[in-house]
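Given next are the chains, with one letter for each unit.
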Amino acid sequence: MAEKYVLAIDQGTTSSRAIVFNHEGRIVGSGQKEHEQIMPRAGWVEHDAIEIWQNIREVVAVALADAQVNSDSLAAVGVTNQRETTLVWDKNTGEPVYNAIVWQDTRTGKIIEQLGGDEGQDKYKARVGLPLATYFCGPKVKWILDNVEGARARAEAGDLVMGTMDTWVIWNLTGGVDGGKHVTDVTNASRTMLMDLKTLSWDPEIAADMGIPLSMLPEIKSSSEVYGYGRPAGLLYDVPIAGDLGDQQAATFGQAAFEPGMAKNTYGTGCFMIMNTGEEIVPSKNGLLTTVCYKIGDNKPIYALEGSIALAGSLVQWLRDQLGIISSAPEVESLAADDNGGIYFVPAFSGLFAPYWRSDARGAIVGMTRFVDKSHFARAALEATAYQTREVLDAMEADSGVTLAELKVDGGMTMNETLMQFQADQVGVPVIRPVVAETTALGAAYAAGIAVGYWDGEQDVIDNWAEAKRWEPKMEDGERDRLYRQWKKAVTRTLDWVDDDVKE
Ligand code: ADP
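The notes below deal with the structure included here. (Residues numbered from 1 in each chain as written. Predicted model: local features only at pLDDT ≥ 70, side-chain atom pairs only at ≥ 80, totals over all residues. Heavy atoms only, no water.)

## Notes on a negative patch on the surface
To keep things clear, this is the line we draw: To count toward a patch, a residue needs a relative accessible area over 30% and no salt bridge; like charges are then connected within 9 Å, while nonpolar side chains (Val, Leu, Ile, Met, Phe, Trp, Tyr) are connected within 5 Å. All accessible areas in this document rest on Shrake-Rupley with a 1.4 Å probe, and a residue is counted as covered only by the protein chains that are shown. When a carboxyl oxygen of Asp or Glu lies within 4 Å of a side-chain nitrogen of Lys or Arg, that pair is called a salt bridge. Positive: Lys, Arg. Negative: Asp, Glu. His and the chain ends are not part of the count. Charged side chains are reduced to one point each, which is NZ for Lys, CZ for Arg, CG for Asp and CD for Glu. Put simply, DSSP H or I for four residues or longer makes a helix, DSSP E for two residues or longer makes a strand, and each gets a number counted from the N terminus.
A grouping of Glu113, Asp496, Asp499 and Asp500 is seen on the molecular surface, where their side chains present a negatively charged patch. With respect to the element layout, Asp496 can be found in the segment after helix H16 (477-492).

## Digging into the site of the ligand
So the rule is basically this: The near set for a molecule or strand comprises every residue that places at least one heavy atom within 4 Å of it. Contacts described as polar in this section are N or O atom pairs within 3.5 Å, which, within protein, must combine one atom able to donate a hydrogen with one able to accept it, while residues neighboring in sequence count only if both atoms come from side chains.
Taken together, 15 residues sit near the ligand, with Thr14, Thr269, Gly313, Gly412 and Asn416 positioned nearest. Arg17 has a polar side-chain atom sitting 3.4 Å from an oxygen atom of the ligand. Coverage of the ligand by the protein chains reaches 81% of its 580 Å² of free accessible surface. If you tally residues by element for the shell around the ligand, the top one is helix H10 (residues 313-323), at four residues.

## Quick notes on the sheet that holds strand E5 (residues 74-81)
Just so we agree on the cut-off: Only strands joined by at least two bridges in the DSSP assignment are considered to pair. Simply put, an axis is a line fit to the C-alpha atoms, just over the touching stretch for a helix, and the angle between two N-to-C directions goes from 0 to 180 degrees. Contacts are assigned to residue pairs that have any heavy atoms within 4.5 Å of one another.
Strand order in the open sheet formed by six strands is E3-E2-E1-E5-E14-E13, and the pairing between neighbours is mixed. Of all the strands in the sheet, the pair left with one neighbour each is strand E3 (27-34) and strand E13 (224-229). Here the strands of the sheet are splayed against their neighbours by 25 degrees on average, with no regard to which way each runs. As judged from the seven bridges shared by strand E1 (residues 5-11) and E5, these two strands associate in the parallel manner. Following the sheet pairing, Ile9 is matched in E5 by Val79. Helix H6 (residues 165-173) contacts E1, E5, E13 and strand E14 (240-246) of the sheet and is inclined by roughly 145 degrees relative to E5.

## Describing the packing of aromatic side chains
Each aromatic ring pair is characterised by the separation of its centres together with the angle its planes make. Here is the rule we go by: The pairing test for Phe, Tyr and Trp rings, Trp by its six-membered ring, is centres within 6.5 Å, and the orientation test on the planes gives stacked under 30 degrees, edge-to-face over 60, and tilted for anything in between. Categorising residues by exposure relies on relative accessible area from a 1.4 Å probe, with only protein chains included: less than 20% of the type maximum marks a residue as buried, more than 50% marks it as exposed, and the intermediate range marks it as partly exposed. Definition used: whenever NZ (Lys) or CZ (Arg) falls within 6 Å of the ring centre and also within 35 degrees of the ring normal, the charge is taken to sit over that ring.
One pass over the structure, following the stated rule, counts 23 aromatic pairs. Ring plane angle 80 degrees and centroid distance 4.7 Å describe the contact between Tyr454 and Trp455, whose orientation is recorded as edge-to-face. Take Tyr454: its relative accessible area is 14%, and that puts it in the buried class. Grouping aromatic residues by their ring pairs yields a cluster made of Trp103, Tyr135, Phe136, Phe272, Phe353 and Trp357. Sitting over the face of the ring of Trp44, Arg107 holds its NZ or CZ atom 3.8 Å from the ring centroid. The ring of Phe422 carries Arg379 above its face, with NZ or CZ at 5.2 Å from the centroid.

## A few points about unusual backbone geometry
Omega for the bond connecting Ala354 with Pro355 falls within 30 degrees of zero, at -5 degrees, which places this linkage in the cis form. Turning to its location among the elements, Pro355 is positioned in the loop between strand E19 (344-346) and strand E20 (364-366). Even without being a glycine, Met193 presents a positive backbone phi close to 75 degrees. Structurally, Met193 can be placed in the loop between helix H7 (186-189) and strand E10 (195-196). Backbone geometry places Asp238, a non-glycine residue, at a positive phi of 70 degrees.

## What to know about the nonpolar core
Cut-off, in case you're wondering: To form a nonpolar core, buried Ala, Val, Leu, Ile, Met, Phe, Trp, Tyr and Cys residues must be joined to one another through side-chain atoms within 4.5 Å.
Counting residues in each nonpolar core, the largest one holds 105 residues, and the members touching the most others are Tyr135 and Met216. With twelve residues, the top contributor of residues to this core is helix H12 (residues 374-400). Not counting residues up to four positions away in its chain, the partners in contact with Met216 are Val88, Val141, Leu145, Ala155, Leu160, Val161, Met162 and His182. One finds Tyr5, Ala67, Val161 and Trp171 within the second-largest nonpolar core, a separate group that totals 34 residues.

## Topic: the side chain of Thr290
Looking at the element boundaries, Thr290 is found in strand E17 (residues 289-294). For Thr290, a relative accessible area of 4% corresponds to the buried category. A polar contact of 2.7 Å, which involves the side chain of Thr290, links it to the backbone oxygen of Val282. Ignoring sequence-local partners within four residues, the contact set of Thr290 consists of Val128, Gly129, Leu130, Leu197, Ile281, Val282, Pro283, Ser284, Ala304 and Leu305.

Pasting the structure below:
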C-alpha cells in the first residue's frame, strides 16, 4: 500500500497554515498565507472569514504539492485554530453577517460589565472555568446580534449560526451550504463561556443571559473522531475530517503532555501556558483559566489549567511595525542589549490577561532615564515575555500544588536564544524545545490520525516526541529575584488607567 499521511490545517491569528505529516510525525510539506488584520478602531480587531477560507484552500493545495502527494494519500485531516475568534454567518447562503471578531478585540468591555452586574467578573466561573473578560466568545456573539442590523431577528428565525474558526473551517470543508457539519470540539467550546465544564454541554441559562438562541450553537464533539468527509470537489474530497482542537490545546497534545502536572508554553502572538490536570477540574484561585485539555473519542475528558498572556511575539511586531527600530522579528535579538538598562516594558495594550484579568490596564514603559536607548527597548520587550511567563507559572504551581521539573516550549519566539536563556533564568528550571516546533499543527494531526487508526493512541505521540534543545538556568538567585520584583512593581503602574469617559 502506498504511504499515507495526515494533513493539519492550522487557522492562526496572523496566518493559515497547512502541514502534511508522515507516520513519524515529521513534516513532509507545508503551505502558509497571512491574512489581513482589520483594525477599524483602537481596540477592535477583525478578520475577513471569506479571505481566510480562500487562504485555506490555497495553503492546502500548496502543502500537498510541496509534499508531492494528492488528497488520496491522506488518512485524515485535523483542524486547529486561533481560539475564541468568533463568527456569525447565514447557514443558507454561507455569508458571514460581520467580520470575525478576534480574541484580542476589546469592544465587549461594556457588555461584560453589564453581564457581571453585582456578582462581578466571576459570575459564571464555577460553571465555565472562565472569568468574564473581553477575550471569550459569548459576549462577541451578543455584540454582533445587538449591533448588526436585522441579525437578532435572523438568529431567532434559525437562519444564523455561530462558530469559532474550527467550526467555520469544518463546515466549509464538509460541504458548507450543501450539508456542511456544524460542529466544534470540547476545547473550543470551553472558551465560549457558554459550555458547562462538567457536562460538556451548552448552558441554556448563560446563553439566555447573553441573548444567544441555542439554535445558533454548533454541536459539541470530542477532539478526535470523524466529524464528516471532505466535500468541495477537488479539495480533500472524501478525506475524513477527524481532529479538532483549539491551538493551545493542540500544542499541548503535540508536546505529548499527557500526564497530570505536565505543562507546555507556546510563544506566538500571545503566550499560552497549559498544565494538564487529568480528569480533575481544578478551579483557579490565582487568576488562571480552567479549561478542557482534550477528549479522545468516547474517553473521559482531560482538563487543564491555563495562563493566557495577550502580548508576546506581537510586542516584537510592534517594535518592527509601529516603532520601526527593527526590520524583522529575529533582528530583535541582535539589537537587544545584555541588560534592560533599568527599564520594564509592561505590554498591557489590550489590558492584562493572566493572572490579573484587568481590562482597565494599559501599556507602560517605566524606569526611563537619559541613559536608555533602543537596545534596552528590545531587551525589555523580550524580558516582558519571560516575566509574564514566570507569573503564570507561579500561579499554576500555587493552584495545582505541582512543582514543575521542566518547561516544554514551542512557537515562533523560541528561535530567540536570548529569550529562552532568560526564560530559564527566570523560571529556574530547564526550558526544552522539541525537534518539531510546529506542535500546534502536529497535535491536530495526531488527534485526527488517532481517530482513524493511523496512530494507535497517545503512546505513538510520546514515542515520536524528541528533544532538540535545552536551556539550563544560570542566573544567580539575587539578580533573578531583583529583576522580577522590579517587574511586579512595573505592573502596578499600568493598572486602573482606563477611565469611563476615555474614548479609545
Ligand atoms: P502565531 O502562531 O501566533 O501567529 P508564531 O508561533 O508563528 O505565532 O510566532 C510568530 C511570532 O513570533 C511573531 O509575533 C513574531 O514577532 C515572533 N518572532 C518570530 N521570530 C522571532 C525571534 N527570532 N525573536 C523574537 N520574536 C520572534
